[in-house]
Amino acid sequence: MNRTTLSLIAGTTALAAVTGFAALSAPDAPDTDTAAKAAAQLPVERTSLLCPAPSTSDLAETSYTSFTPVTKGTGSGGKAELREAAEESADASADGEDKGKGKDDGKSGEDKPAKPVLTPKEPGKPVTGDSSGGDAPALVGTADGRFAPGWTVQETTEVAAGTGRGLQGVNCTAPDTDFWFPGASTDADRTDYVHLTNPDDSAAVVDIELYGKDGALKSAVGEGITVPPHSSEPVLLSTLTGERQTNLTVHVNVRSGRVGAAVQALDDKLGGDWLAASTDPSGSLVLPGIPDDATSVRLVAFTPGDADADLKVRLASPSGPITPAGHETVHVKGGMTTAVDLGDVTRGEAGSLVLTPTDRSVPVVAALRVVRGKGDKQETAFIPATRPVGTRATSADNSGKGGTLSLTAPGAAATVKVTASAGSEGGTPVSKTYTIKAGTTQDIEPPAPGGLKGTYALTVETVSGGPVYGARTLTASEGGVPAFTVQTLPDDRGTVAVPEADEDLSVLQK
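Attention in this report is confined to the structure presented alongside it. Every residue gets a number counted from 1 within its own chain, in the order that chain's sequence is written. Side-chain atom pairs in this predicted model are given and counted only at pLDDT of 80 or more, local residue features only at pLDDT of at least 70, and totals for whole chains, interfaces and linings cover all residues. Side-chain measures were taken over the full set of non-hydrogen atoms in the model, leaving aside hydrogen atoms and water.

### A closer look at the state of the cysteines
- Two cysteine sulfurs form what is called a disulfide whenever their separation falls within 2.5 Å. Per the stated rule, a full pass over the model turns up one disulfide.
- Two residues, C51 and C172, share a disulfide whose sulfurs are 2.1 Å apart. Measuring the twist about the S-S bond at about 105°, one finds the C51-C172 disulfide to be right-handed. Linking C51 in strand β2 (residues 46-51) with C172 in the loop between β9 (166-171) and β10 (178-184), this pair joins segments that are 121 residues apart in sequence. As far as burial versus exposure is concerned, C51 and C172 are alike and both buried. Segments assigned H or I by DSSP are reported as helices when at least four residues long, segments assigned E as strands when at least two residues long, and all are numbered from the N terminus. Burial here depends on accessible area, computed with a 1.4 Å probe over protein chains only, as a share of the maximum for the residue type. Under 20% is buried, over 50% is exposed, and the range in between is partly exposed.

What follows is the structure, encoded as structure tokens:
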């Protein structure tokens with residue numbers, strides 16, 4: 001591995017998660033002054049990011065792109081830095097007695113020096129780097145000040161051959177305590193790992209629960225997995241159960257501490273990609289960005305409770321909502337994973353899947369497995385249910401070719417502004433406004449910066465109207481295989497609501 005280039009990108013690589021929120025409950029009859037004070041939105045001051053180890057393949061070529069959009073009110077200070085995490089071996093993670101121990105050379109997460117690496121110089125301009133081979137580590141980083149709000153990082157890997165060949169992409173994630181991954185598998189053709197990365201100074205303890213078509217799978221070794229400080233551990237799902245299940249839902253529950261989590265789903269025949277966590281369980285879900293040339297789409301859904309869920313299935317197409325023939329509704333049994341093959345549901349048009357309750361609302365998580373190509377030239381990607389774009393969302397690692405931005409307004413029509421940042425090596429930002437009609441999905445060729453050199457970021461901002469959901473697709477050609485990867489565009493939570501104090505209380509602090 002090229003350590004120099006990895007260190008370069010490492011500093012570039014850090015995604016944002018809000019580390020604290022301020023909430024305010026308004027009185028039953030608030031006066032005007034109180035309501036105004038409750039509405040204050042301030043930029044977050046500190047964020048953190050976790051990037052999983054990209055690949056174990058010697059043929060892997062990984063690129064990283066880091067970007068922070070310009071946010072008003074952040075001042076001129078701040079910095080971002082990223083460190084390599086100490087990675088547990090896959091063999092150790094498969095052995096219950098070895099979980100939580102460092103590598104045999106004794107270099108645990110606590111022993112490795114946490115040296116900061118090159119950091120981005122300014123918001124509004126992407127920074128990039130790359131690494132080669134299969135020993136690139138997971139990355140742990142933080143950002144503060146003007147670099148914190150909306151910091152996003154894309155990790156993209158091309159694998160020329162072997163299990164999981166094709167294009168694999170993931171947004172580096174924020175640490176959290178609860179993750180749902182519908183769409184994983186322990187099938188004979190699949191090799192799925194859940195990557196756990198601990199950014200903190202103390203160990204995290206994690207339970208991994210698996211749910212198949214008949215309910216929970218018994219797995220004693222999935223309980224109490226210890227992830228040492230500043231370390232990453234990949235856990236092979238097939239070591240947690242003896243059952244072969246084509247469609248699984250993985251629940252990562254953190255008993256103590258917090259981790260970043262992502263599932264790497266690798267298929268012997270269909271390539272592979274990263275499966276990001278579904279949005280929190282909800283009665284209604286949107287899964288945006290199904291490519292227009294998808295040859296197979298599979299919906300995998302799960303409801304965490306005991307109650308069954310009955311969902312309407314609609315495709316938001318460019319012309320409006322469509323009910324897939326033969327799949328008007330889907331019944332999801334409580335505590336059991338349900339999979340529905342929708343075939344070529346888009347029929348040559350881009351679309352987004354919208355799930356709503358037929359009657360009683362029951363919280364559900366869901367994801368799509370999407371396949372492009374035919375025969376031995378097929379490639380897979382995953383689209384989890386996601387949050388709306390909200391105030392602002394960003395995707396990094398756009399090159400001016402081979403990319404599509406998909407936006408859907410499942411309810412009311414909406415207007416959004418899309419801004420292409422300056423390029424990592426030069427270029428002038430460009431903005432364009434789009435109107436998304438109610439109930440439709442619009443695939444657009446993203447605007448590119450003037451005089452583009454290098455890669456750039458796309459920032460989507462809601463201007464007016466109803467909620468908008470988005471996804472960005474990257475494509476590449478790998479030996480005739482239509483390689484692709486899809487990342488959703490949830491709100492970056494770059495600001496937080498902070499109540500305004502009636503007086504300065506700092507003088508009382510002693």
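### Structural notes on the sheet that holds strand β32 (residues 430-436)
- A strand pair is defined by DSSP finding two or more bridges across the two strands. The four strands are arranged β28-β35-β30-β32 in an open sheet whose pairing can be described as antiparallel. Among the strands making up the open sheet, the edge pair consists of β28 (392-398) and β32. Across the sheet, the mean angle from the axis of one strand to that of its neighbour is 20°, orientation sign disregarded.
- In the sheet, strand β30 (residues 414-420) pairs with strand β35 (residues 456-465) via seven bridges, with the strands oriented antiparallel. Looking across to β35, one finds that V418 is bridged to V460. In this description, a line fitted to the C-alpha atoms serves as the axis of each element, helices being fitted only across the stretch in contact, and the angle between N-to-C directions of two axes falls anywhere from 0 to 180 degrees.

### Some words on the sheet that holds strand β20 (residues 294-302)
- If you walk across this open sheet you meet the four strands as β24-β20-β26-β27, and the pairing is antiparallel. If you trace the sheet from one side to the other, it starts and ends with β24 (338-343) and β27 (379-384), each paired once. On average, adjacent strands in this sheet sit at an angle of 20° to one another, irrespective of strand direction.
- As judged from the eight bridges shared by β20 and strand β26 (residues 365-372), these two strands associate in the antiparallel manner.

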